[in-house]
Amino acid sequence: MTVAFSDGVNRQLKMGKTRKFFRDAVFYSTSNIFANILNFITGVMVRHILRPAAMGLFNEILLVFDYARYSHFGIIDSLDRELPYLYGSKNYDKVKLLRNIGFSFCIIISVFISIVLFIASIVLRFKGDVIFASGLYVVMCMVALQLLNSFYTVLNRAKHNFSVISINTILVAIFDIGIKIFLTIKFGLFGLLWASVLSFGMGLVYFYRASRQEVRFILYFPYQEIIRLLKIGFPIFIMGFIYLTLRNVDRIMIIRLLDRESLGFYTIALMASVYAVQVPNLIYAVIFPRFYQAYGEKQSIHKIKELFINPTLVFAYFFPILIGFAILALPLLINYMLPAYKPGIAPAYLLLLGSSFLALVNMPAYLLIALNKQIYMVVIGVIGICLGLPLNYIFIKIFHLGITGAAVATSITYFLYATLLMSYAFSHYTKNIFAHIKFFFQLYFPFLWVVIVLMSLRAFIASKGDNLTHDCYVVFLKGIFFILACIPLVIYVNKKTSVVSLIKKSYVRSKGNE
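Below you will find a few notes about this structure. (Residues numbered from 1 in each chain as written. Predicted model: local features only at pLDDT ≥ 70, side-chain atom pairs only at ≥ 80, totals over all residues. Heavy atoms only, no water.)

### Some details on the overall build of the protein chain
When you go through the protein chain residue by residue, the secondary structure sums to 17 helices and zero strands. Relative to its length of 514 residues, the protein chain is compact, with a C-alpha radius of gyration of 24 Å against a globular reference of 24 Å. Referenced to the eigenvectors of the C-alpha coordinate spread, the extents of the protein chain come out at roughly 75 × 65 × 45 Å. A total accessible area of about 26000 Å² is found for the protein chain, and carbon and sulfur atoms account for 69% of it. (Helix = DSSP H or I, 4+ residues; strand = E, 2+ residues; numbered from the N terminus. Rg over C-alpha atoms; globule rule 2.2 N^0.38 Å. Areas by Shrake-Rupley, 256 points an atom, 1.4 Å probe, with all protein chains shown as cover.)

And the structure:
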């Protein structure tokens, strides 16, 4: 009877943990979706206030911030892996040591980056770029706050405090939309920059109060531990740095070859692409733990081939459809909310289509990481950058296509990067050239289908651009025809993966549980 009672208690504990896992997963995903919606609204409203040239300068300053926040050299990434393991093994003394090392490293790096940016700002002032130099002072604060926010995110994730992370995400997004709009109206570009600092600061205050984890600054570092953490985190850092550069090739070349107003127009394309790519990333965040777990159980990639193929096919077919809806709705938003940014519409179309290829890179990346072949991801990323830079130069400078040329070149770069990465990953299943051709035809056919449908709708159903009621009707009409045209894609991918059937079963099961 005692054994039966013990088994019952264990089952209840497991069920409680399972329920908590799904509750945290749903809350985490929902909070990110909610935050992305608010951030998108914030982005639109800020562009409505600022002129394109000011937005171009803001993005140029943000590019410095994007790279400066990678200055931890992988220490935070290594803590993300080490802390959960140490909590599991109940090595709390080591946990305390690593927490202090991570906190102290963030502070020291922040001081170092601040000195570098301060010197850079002085040099730029002598060169006459006073506004950009002043922006670097704000970046100094942003980098320090962002590093500490990332550190506290890792601390909470290690203890499975996903509710704290989710609440932080929601609070920062709500605070962000109010403070950025208010300060941008009052103070323009620098109001927007300082609003970013205040948002990071508010998030850090919440993390500090909600985390309840004691950390202290130490000057004496156990250097062997630092070296060990760098060995773990530096390869992850390199992969992130390479991917960041790949995603910013167009922005770098526009800054180099064109003016800030052109970059401001192009921010429409950047904004649309960033938020579009986040959609599959949120879903992949649920898929990849199951993929690694299945690989750990089967110890063979061939036995989990479906877990590689099916999610890739699902995104190959559904993501271009999502992109298609975004392309149909985008002119309505730009023409009536952001008319000053109309030159950015065509590049946004092209970069959104190019983003379809980025939705395919997650599963091959997970496979290569599982096989400890991350170095090939770095090599393929470097190849992508080496192709993207000259392509952008050719389309922008030689073909004189401006920001439209940047979008074309970057989309081609994404296509080549995704194809190389997918081809190498798929070669671990088969090296048969005909199998590769068949697989890539399956992946890229829906992209071509959606492009043809969008071009046909554009040719046969025209918008006026000066009548909101008429243009809303046109977008609605195009949407109906677009849905009808894409039904064959949904039928085919469901036949291959049963994705629609699985969604329906999950929905029915969840309703039954209620």
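### Quick look at a nonpolar patch on the surface
A cluster of nonpolar side chains, Phe 325, Phe 476, Ile 480, Phe 481, Ile 483, Leu 484, Ile 487 and Ile 491, forms an exposed patch at the surface whose accessible area comes to about 760 Å². At seven residues, helix α16 (residues 468–497) tops the list of elements feeding residues into the nonpolar patch. With respect to the secondary-structure elements, Ile 480 resides in helix α16. (Patch = residues over 30% accessible without salt bridge, like charges linked within 9 Å, V, L, I, M, F, W, Y side chains within 5 Å. Salt bridge = Lys/Arg side-chain N within 4 Å of Asp/Glu carboxyl O.)

### Some thoughts on empty space enclosed by the protein
Overall, the coordinates contain one cavity of 30 Å³ or more when judged by the stated rule. What the largest cavity holds in volume is close to 40 Å³. If you list the elements that add at least two residues to the lining of the largest cavity, you get α10 (305–337), α11 (345–358) and α15 (433–460). Considering only residue class, the lining of the largest cavity consists of seven nonpolar, one polar and no charged. (1 Å grid on protein atoms, 1.4 Å probe; cavity = no way out; pocket = protein on both sides within 12 Å on 5 of 7 lines; lining within 4 Å. Points joined across faces, edges and corners; volume = space filled by probe spheres on them. Nonpolar A, V, L, I, M, F, W, Y, C, P; charged D, E, K, R; others polar.)

### Focus: the pattern of salt bridges
Within this structure, the stated rule accounts for nine salt bridges. Linking Asp 66 and Arg 251 is a salt bridge whose minimum nitrogen-to-oxygen distance equals 2.8 Å. Of this pair, Asp 66 sits in helix α2 (residues 52–68) while Arg 251 sits in helix α8 (residues 249–257), and the two are 185 residues apart along the sequence. For the pair Asp 66 and Arg 251, a shared accessibility class is recorded, and that class is buried. Counted as one network, the salt bridges with shared partners bring together Glu 82, Lys 94, Glu 225 and Arg 228. (Buried < 20%, exposed > 50% of the residue type's maximum accessible area, 1.4 Å probe, protein only.)

### Focus: the packing of aromatic side chains
Any aromatic ring pair is given by two values, namely how distant the centres are and how the planes are angled relative to each other. If you walk through the whole model with that rule in mind, you get 28 aromatic pairs. A ring pair is formed by Phe 325 and Phe 482, whose centres lie 5.1 Å apart and whose planes are at 80 degrees; its orientation type is edge-to-face. Separated by 157 residues along the polypeptide, Phe 325 in helix α10 and Phe 482 in helix α16 bring together distant segments of the chain. On the basis of relative accessible area, Phe 325 is assigned to the partly exposed category, the value being 33%. (Phe/Tyr/Trp six-rings, centres within 6.5 Å; stacked < 30°, edge-to-face > 60°.)

### Observations regarding the nonpolar core
Within the largest apolar cluster, 145 residues are counted, with the highest numbers of intra-cluster contacts made by Leu 79, Leu 83, Phe 151, Tyr 266, Phe 308, Leu 443 and Phe 482. When residues of this core are assigned to their parent elements, the largest contribution, 16 residues, is made by helix α5 (residues 130–158). (Core = buried A, V, L, I, M, F, W, Y, C linked by side-chain atoms within 4.5 Å.)

### Observations regarding the side chain of Asn 392
Its location among the elements puts Asn 392 in helix α13 (residues 374–398). Residue class for Asn 392 comes out buried when judged on its relative accessible area of 0%. For Asn 392, the contacting residues outside a window of four places in its chain are Val 249, Asp 250, Met 253, Lys 397, Ala 406, Ala 409 and Thr 410. (Contact = heavy atoms within 4.5 Å.)

### Focus: the side chain of Thr 312
Mapped onto the fold, Thr 312 is located in helix α10. When residues no more than four places from it in sequence are discounted, the contact partners of Thr 312 are Leu 360, Met 363, Met 422, Phe 439 and Leu 443.

### Looking at unusual backbone geometry
At Asn 372, a residue that is not glycine, the phi angle is positive and equals roughly 60 degrees. Looking at the element boundaries, Asn 372 is found in the loop between α12 (362–370) and α13. You will see that His 400, though not glycine, has its phi angle at about 55 degrees, which is positive. Looking at the secondary structure, you find His 400 in the loop between α13 and α14 (402–426).

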